Amino acid sequence: MTQGDNRIRILICIGGGPDSLSSLKYATRLSNQGCADIDLLYVRPLDSGLKSGGMEIRVARENMLDWGLELPGMTHLKAARDLLIELGEIAPDSTRDWHHRELSGDVAGEYVREYENPCGGSISLRLRTAPDVTTAAIDEAQQNKADIIIVGASPEPVEGLRKLLSPKPLALKIAAHSPIPVIVARQLEPGRGHLVCVQDTDRSRSMLPEAIRCAHACQCPVSIMSVAPDESGIKSAQKAVNEAAALFKKNGIAPHETLVEVGDPVETIITIGYDFSLILLSESEKPWFAKGFSVSHEVAARARNSVMILK
Amino acid sequence: MKRPRFQLATGCKDVYTSCIVIHYLREKRWFFITLAIQAAMLLSPAPDGVSPEGWRVLVMTVGATMLFITEPIPLPAVALLIILGQIFLLGIDSSLVAKSLMKDSVLFIMGSLMLAVALVKQKLDKRLALLIVSITGSNTYRIAFGISIFSGILASFIGEHTVAAMMLPVALSLLQLATDDPAKRRALGLLFLFSISYACAMAGIGTPSGGARNAIMIDYLRDFFYATDDPATFSYSVTYLDWMIYAYPVFLVQLPLMHLILRHTFKTDITDLGPAVEKLKEQVGDEGSLNGRHYMAILLFLITLIGWVGFSSEVGMGTIAILGAVLFLVTGLVRWQDLNSGVNWGVVLLYAAAISLGVQMRDTGAAAWVAGVFMDILAPFGMDHGIGLMAAVMVLTTFITNTMSNGAAVAVLGPIVLSIAVGTETNPLAVGMITAVSSAFAYFTVIGTPASTIVYSSGLLRPKDFMVVGWRMALMSFTVLLLASKLYWPLIGL
């Protein structure tokens, strides 16, 4: 598929949860400003082999198709498509067939259905099977040269003992492993602005062009904040905020406000960030297995609203 | 103006090499952890009471079990590693290893999987749906019970994956026709889909052809205890009918209790499916009545069933299963391409390798050593004999079967529990039956039984749902099986 140089390509992982569907409104907002390409992906873990006792699940799937039933995942993708029709991204009368794809050799598991949006961008519904959902989502993003991955998180962050016992949520796994920006979506409504969290570090400065591009695409009000862990860090925090604000202004966006706070970075960002649509943070410099202990990934895990980790 | 694309993370710029390596390591992490554990075990001295060969077999068994559960590499690769391990670690001649792979139970698994695919391809499920609703009427709970009874009785003979694959569209069609409300549809789905999966799982114990695990246990009992020149050991050559007499009543008692538990756990507002049933009748009615092809398929299956009941003790259950599959192929009722793509041949190889490893566990004394360790743990609780021992074996099997397929659980546990039986002078047949039957109690996880995996593939169930109802089912099944082993089996001389 050809892709315009300026067009953002967004991959939204549809896992059946309400937050992945509500994030469609945000994607539509980006699309309205910059004519985005939107890929909706549903990944189902492989379920054959020993788990199915030696009979391939595809036998059951082919039987379902023979009855005229939809494969699992198609229902979720169709719900997303219906929402995009409501939002005006897909013409109500457009119908497309499912085309089989051969990614992992599952003859009854992988399909794609493609539409065009009014500005000429593409919208595709993708069904995929894979042994590991995280890797498949990232692979799909890489294959289709996505710029952002949006993945719905659980509405209530897991805390306490349950956090230790539960497997790491899919959204956080994708955020930790993805080489491209990831939005961990919770009630992702576009109207309440972006909170860009900065530090006086090269890593933080390097993510600012992406934050600016995101603000341009969304046309959302932007606030810039830096949190100093104690009084001695205020000067550095102020410097980071000033530099970021200057760069935003230079690129045609006047920040709505600039904030310098003192306190625990995670708690402060979560508390102040709750009033915004999206909290933007730069990726941690820690290796992938230690990212859970970084400020950005801890905010993504514990915030009650959406967090974007810029890479 | 051309805008820049988003930047990639440091370390992932331009090429994704480092990310690919990270993803590979992440996907394969359990493989490397398994290798590390195996290396540590091999480098440490063998514990007292186990021979160096036995210790190496245990190292292989621990590794194979971890790989069965976590599946970081393709399962056929695990099977091939077991074969290589026997040659290189145990020093067994490759021809002997090759010979130990193919047993009647492996032929049975191969043949019954081909039969399963052949039967699903006959599209008899639509007629079955019509038959169920014509008997049960339109009451939701009666339909759920009807689905359980039909699924259970069929699964006890033709295997749970066959029935689950056939009944899944029946249930989904009824759900689709019943309501458009996602919440109501899910509530109804829980009732119907669990009626299929749990009935199939429970029924799998009913006859030897119900599941691979039964055939594996029959092979172990024969291999370990049967001697052609000793009439006292003839009871360890369990025939198809023997097995049915031991296990079928246990399944029949559980079936209505299972329905009551499901009915109590998953209540639904839709108590009458009249309109949905009518639409289903219309849909299925368009298919017309049974034709010659269908009658032939039913006839061939009945011939296979008669073969299992009447002749399997002479020629082996595997031979009959292969014969059935061949008849389906020769009559053109199924294409080889369908069998080839529908059967996971790697799993057949895996079962063969697991059984071969089980035999090595017995021959090297590794199984007896593990059994001794297990008994030492149980002795302080007074569970090293009698009903306590039965309960302990049942709990152990239930735990293992919830983490891997029930066939693999029996293949791994069989030699150990039979050694426990010998060590405690308990009837090995009873302990073997307890193990095979309780391997059906995989109610807590999606991967426990093939039927659960198949209904889960509908996308309507969540892993948590299995836990919600699973403990009730397990409690009921534990009670029924313990009562059977205490009251019923002694009556029939087991």
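For clarity, every value in this text was computed on a predicted model and none was experimentally measured.

So, how was this worked out
- Residues numbered from 1 in each chain as written.
- Chains lettered and ligands numbered in written order.
- Predicted model: local features only at pLDDT ≥ 70, side-chain atom pairs only at ≥ 80, totals over all residues.
- Heavy atoms only, no water.
- Helix = DSSP H or I, 4+ residues; strand = E, 2+ residues; numbered from the N terminus.
- Buried < 20%, exposed > 50% of the residue type's maximum accessible area, 1.4 Å probe, protein only.
- Contact = heavy atoms within 4.5 Å.
- Phe/Tyr/Trp six-rings, centres within 6.5 Å; stacked < 30°, edge-to-face > 60°.
- Lys NZ or Arg CZ within 6 Å of the ring centre and 35° of its normal.
- Domains from an automatic or database assignment.
- Buried area = accessible area lost by both parts, 1.4 Å probe.
- Polar contact = N/O pair within 3.5 Å; in protein donor to acceptor, adjacent residues only side chain to side chain.
- Pairing = 2+ DSSP bridges.
- pLDDT = per-residue confidence, 0-100.

Section: the overall build of chain A
Regarding its fold elements, chain A presents 10 helices and 12 strands. Within the span of chain A, comprising 311 residues, buried residues form 58% of the whole. When contacts within chain A are restricted to residue pairs at least 6 apart in sequence, long-range pairs at least 24 apart make up 75% of them.

Digging into the packing of aromatic side chains
Summed over all chains, the structure comprises 18 aromatic pairs over all chains. A ring pair is formed by Tyr-198 of chain B and Tyr-443 of chain B, whose centres lie 5.1 Å apart and whose planes are at 80°; its orientation type is edge-to-face. You can see Tyr-198 of chain B sitting in helix H10 (residues 182–203) and its partner Tyr-443 of chain B sitting in the loop between helix H21 (428–438) and helix H22 (450–456), a full 245 residues away along the chain. Members of the aromatic cluster, connected to one another through ring pairs, are Phe-194, Tyr-198, Phe-266, Phe-441, Tyr-443, Tyr-456, Phe-466 and Phe-478 of chain B. The residue whose ring lies beneath Arg-304 of chain A is Tyr-274 of chain A, and the NZ or CZ to ring-centre distance is 4.2 Å. Over the aromatic face of Tyr-226 of chain B sits the side chain of Arg-222 of chain B, whose NZ or CZ is 5.4 Å from the ring centroid.

Considerations on the domain arrangement of chain A
Residues and elements named next belong to chain A. Here the domain parsing of chain A yields domain 1 (3–185) and domain 2 (191–310). Taken together, the contact between domain 1 and domain 2 spans 20 residues of the former and 25 residues of the latter. Where domain 1 abuts domain 2, roughly 1900 Å² becomes buried across the two surfaces, and 58% of that area is made up of carbon and sulfur atoms. Where domain 1 meets domain 2, there are 3 residue pairs in polar contact (both at pLDDT 80 or more). Going through the elements one at a time, helix H1 (18–34), helix H6 (170–177) and strand E7 (182–185) are the ones with two or more residues in the side of domain 1 that touches domain 2.

Quick look at the pairing of strand E11 (residues 278–282) of chain A
All names here are of chain A. Counting buried residues along E11, 5 of its 5 residues qualify, which places the element largely inside the surrounding structure. The alternating pattern of E11 places Leu-278, Leu-280 and Ser-282 and Ile-279 and Leu-281 on opposite faces, both of which are buried. Where strand E8 (residues 194–197) and E11 come together, 3 bridges link them in parallel fashion. Each residue of the ladder has a partner; that of Val-196, found in E11, is Leu-280. In terms of strand pairing, E11 meets strand E12 (residues 306–310) through 5 bridges, oriented parallel. Opposite Leu-280, over in E12, you have Met-308 as the bridge partner.

A short note on the confidence of the model for chain B
When the pLDDT values of chain B are averaged, the result is 89; 96% of them are 70 or greater. Note that residues 1–15 of chain B has pLDDT below 50 and, in this model, 33 contacts with residues that lie over four places away or in other chains.

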